[in-house]
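Each chain is listed here by its residues.
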Amino acid sequence: MNKIKKQLEEVKLRISQIANSANKVKLIAVSKRFPPEYIQTAYDAGHRRFGENKVQELITKQPILPKDIEWHLIGHLQSNKVVKAVQLAHYIHSVDSMKILNKIDNSAEKYNKKPKILLQVNISEEESKTGITVKEIDEFVRISLECKNLELVGFMTMAPFNASECELRNIFASLCELRNNIEKKYNMSLPELSMGMSSDYHIAIDEGSTFVRVGTSIFGKREPL
Ligand SMILES: *Cc1c(COP(=O)(O)O)cnc(C)c1O
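Attention in this report is confined to the structure presented alongside it. Owing to the predicted nature of the structure, the values given are computational and were not obtained by experimental measurement. (Residues numbered from 1 in each chain as written. Predicted model: local features only at pLDDT ≥ 70, side-chain atom pairs only at ≥ 80, totals over all residues. Heavy atoms only, no water.)

1. Quick word on the overall build of the protein chain
Piece 1. Regarding its fold elements, the protein chain presents nine helices and eight strands.
Piece 2. For a compact globule of 225 residues, the expected C-alpha radius of gyration is about 17 Å, and the protein chain comes in at 17 Å, within 12% of that figure.
Piece 3. A principal-axis box enclosing the C-alpha atoms of the protein chain has dimensions of 45 × 45 × 35 Å.
Piece 4. A buried classification covers 50% of the 225 residues belonging to the protein chain.
Piece 5. Partitioning the intrachain contacts of the protein chain with sequence separation of at least 6 by distance along the chain shows that 58% fall at a separation of at least 24.
Piece 6. For the protein chain, the computed accessible surface area is about 11,200 Å², with 49% contributed by carbon and sulfur atoms. (Helix = DSSP H or I, 4+ residues; strand = E, 2+ residues; numbered from the N terminus. Rg over C-alpha atoms; globule rule 2.2 N^0.38 Å. Buried < 20%, exposed > 50% of the residue type's maximum accessible area, 1.4 Å probe, protein only. Contact = heavy atoms within 4.5 Å. Areas by Shrake-Rupley, 256 points an atom, 1.4 Å probe, with all protein chains shown as cover.)

2. With respect to unusual backbone geometry
Piece 1. At R33, a residue that is not glycine, the phi angle is positive and equals roughly 65°.
Piece 2. When you line up the elements, R33 lands in the loop between β1 (26-30) and α2 (36-44).
Piece 3. The residue N187 is not glycine, and still its phi comes out positive at about 50°.
Piece 4. The residue N187 is located in the loop between α7 (165-186) and β7 (192-194) in this model.

3. Thoughts on the nonpolar core
Piece 1. Core analysis: the largest hydrophobic core is formed by 65 residues, its most contacted members being L77, I92, I104, I117, L119, F155 and I218.
Piece 2. Listed in part, the eight residues of the second largest apolar core include V30, I74, L118 and V153. (Core = buried A, V, L, I, M, F, W, Y, C linked by side-chain atoms within 4.5 Å.)

4. What to know about the pairing of β1
Piece 1. Within β1, four of the five residues are buried, which leaves the element mostly enclosed by the surrounding structure.
Piece 2. Sheet analysis places β1 next to strand β8 (residues 211-214), joined by four bridges and oriented parallel. Note that in β8 the partner of A29 across the bridge is V214.
Piece 3. Sheet topology note: the β1/strand β2 (residues 49-52) ladder contains two bridges and is parallel. When the bridges of β2 are listed, A29 appears paired with F50.
Piece 4. Between the parallel elements β1 and β2, the chain passes through α2 in a crossover that is right-handed. (Pairing = 2+ DSSP bridges. Right-handed = clockwise from strand over helix to strand, strands pointing away.)

Have a look at this one:
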């Protein structure tokens, strides 16, 4: 447990060393498949922002943990889980279909919530990755802006597993450029770029990330599924 506190501090230190003062980088401690005690330990060390990739885990963990935790849903969202996701998560990073987008808007209205959402973009256009394609972004932004019960705050991407440093840089830089173009086109602010995990957050921060999603470097290795 002491290890969690130490590793959390190391990650925070490393982020502060890489990030320049212009971009505010926020650390999401990814607690998926780790028990609530791990989250509590990081909480006691002062951390408040946590990420889960499954709604089911959020359902079991959220009620027994402090109420001022900011929860980020970072994993693929199934439509039958949207109602719960909207009730429990402050941010949903993984919006990747019109169906999910509309369902989030409807559920948010019903439960009087206003979740912040990020559109998950498949920059590398890998078959295996979920996310909307670059061509689809415009339409998704337009529709998101029409949704009154959610707030579009930015984009998220998952880099391919085996990408080289150079490829990673390209992917992260492309998402940043895309965001800048959309901001200009719609004369709006999209402050958040959710990119970077334990193995590559240092590169993502260089390329403009504002949310890094870090699990392993804080909590250790997860048991294989
Ligand atoms: C698990 C997960 C992470 C964190 O991965 P680590 O390698 O443990 O840092 C980040 N983003 C998503 C979407 C994840 O599912």
